[in-house]
Amino acid sequence: MTSEPRTLVFDRLTRPLRELRVSVTDRCNLRCAYCMPKALFGADHAFMPRAELLSPPEIARAVRAFVEFGVRKVRITGGEPLARGDLVEIIGALRGIAGIEDLAMISNGIGLDAAKATALRDAGLDRLTISLDALDDARFRRINGMNVPVARVLSGIEAGEAAGFTPLKINVVVRRGWNDADVLPIARRFHGSPHIVRFIEYMDVGTRNGWRLDEVVPAREIVARIDAELPLEPVARNRAGEVAKRWRYRDGGGEIGVITSVTQPFCGDCNRARLSADGRMYNCLFAESGLDLRDPLRGAAHEGDQDDLARLIRDRWQARDDAYSEHRAEHGKFRNPPDESAKRIEMSYIGG
Ligand code: SAM
Ligand code: SF4
Ligand code: SF4
């Protein structure tokens, strides 16, 4: 174990590897229309068999290899991470890795009670993001596809607060005609609180959500709508690679962020790798193929095998030239709707 990277590793566009998103399951208790549309993720949908998922020690060994090359921020995602019965064990295993400075998780908050939130906190989770796409109950039920009331997310948020995760991040994917009317109510609700709401442009991830450009609400429009009632001013970035553009309320009522993946892509300093629940490394949210790390992880028997794993990761990152969102914007290649024949990975598999 080391707290200093043995060496930083850069890709072909000189972007260092600094962050890792770890999906721990492809299962979820919701069927958000923009992510796992119910018609396509029905009762007969084949999720990954449990034996194919990395175990907590396997996840930890994989992550340790990434940390050796400079990863300092790790975010647990899914599917829905709370669907993993051994989530606390996963967090604990990752907390034991020297060098991880920020261990975060994103969840839909359904079923998060104070006991679960406290167990995650005690196991070493630093930060929590909860997704909340609408405050209006009817709209929330429609979006999540399972008729789940918004009160359940709000109680998940309370559980996060009670466990000491304040400030929380609250993620809102804005989709025109579905929840754009919730932008202001959500901003108002968290204005004056320590929590940071992040409004996200609806992205063309995967091939199954029927994405259309005219359903994207540009971040500029989101900021203008909020600013008209609650005046905002821009805030400087915290660090390179930060995905959200920051704004703060002029009256001191806190901060929001906007994630402009479609209208102002930020591939230029994208320093994030992704690990799927079945142990594949992906270099981009829009990748079509990943590198299998599970076989090397499971086949490993000797100390030196950790070095082999690290070498695989390094070589893969060094070969990286992904910049999907920038190319899409430059070439105007907005597919409308996405091409069903493409093999691109789904959000519920890789976790955002
Ligand atoms: N189930 C958890 C949740 O919803 O927070 C974690 C996984 S979810 C895939 C991670 C994030 O991706 C959520 O904030 C979700 O709203 C966002 N997301 C999913 N599909 C998206 C899309 N097409 N465009 C933008 N964000 C999306
Ligand atoms: Fe599940 Fe999250 Fe996807 Fe919604 S966005 S279907 S909660 S994985
Ligand atoms: Fe990074 Fe790919 Fe997103 Fe660009 S499109 S910011 S390279 S994940």
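From a predicted model like this one, the values you see are computed outputs, not experimental measurements.

A. Looking closely at helix 2 (residues 87–95). Among the residues making up helix 2, those that are buried are Leu-87, Ile-90, Ile-91 and Leu-94. Looking straight down helix 2, one finds its buried side chains confined to an arc of 95°; they lie on one side. On the buried face of helix 2, the contacting elements are helix 1 (56–68), strand 2 (73–77), strand 3 (102–107) and helix 3 (114–123).

B. The environment of Val-74, seen in detail. Mapped onto the elements of the fold, Val-74 is located in strand 2. Taking the relative accessible area as the measure of exposure, Val-74 reaches 2% and is therefore buried. In the structure, Val-74 is positioned 62 residues away from Asp-136 in sequence and 32 Å away in space, judged by C-alpha atoms. Aside from chain neighbours lying at most four places away, what touches Val-74 is Leu-20, Val-22, Val-63, Leu-94, Ile-100, Asp-102, Leu-103 and Ala-104.

C. Expanded view of the site of ligand 1. Residues in close proximity to ligand 1 total 19 residues, the closest being Tyr-34, Gly-79, Ser-131, Val-173 and Met-203. Gly-79 has a polar backbone atom sitting 3.0 Å from a nitrogen atom of ligand 1. Contact between ligand 1 and Asn-171: an oxygen atom at 3.3 Å from a side-chain N or O atom of the residue. Where the shell around ligand 1 is concerned, the elements lending two or more residues are strand 3, strand 5 (169–174) and strand 6 (196–201).

D. Spotlight on unusual backbone geometry. A cis amide bond, omega 0°, links Thr-166 with the succeeding residue Pro-167. Note on placement: Pro-167 falls in the loop between helix 5 (150–162) and strand 5. Here Thr-14, not a glycine, exhibits a phi torsion of approximately 55°, which is positive. Mapped onto the secondary structure, Thr-14 falls in the segment before strand 1 (19–23). One non-glycine residue, Asn-147, lies in the positive phi region at around 60°. On the secondary structure map, Asn-147 appears in the loop between helix 4 (137–144) and helix 5. Asn-147 sits in the partly exposed class, given a relative accessible area of 49%.

Criteria and cut-off values
Residues numbered from 1 in each chain as written. Chains lettered and ligands numbered in written order. Predicted model: local features only at pLDDT ≥ 70, side-chain atom pairs only at ≥ 80, totals over all residues. Heavy atoms only, no water. Buried < 20%, exposed > 50% of the residue type's maximum accessible area, 1.4 Å probe, protein only. Helix = DSSP H or I, 4+ residues; strand = E, 2+ residues; numbered from the N terminus. Arc of directions from axis to C-beta. Contact = heavy atoms within 4.5 Å. Near = heavy atom within 4 Å. Polar contact = N/O pair within 3.5 Å; in protein donor to acceptor, adjacent residues only side chain to side chain.

So far we have only geometry, and geometry alone does not tell us how the molecule works.
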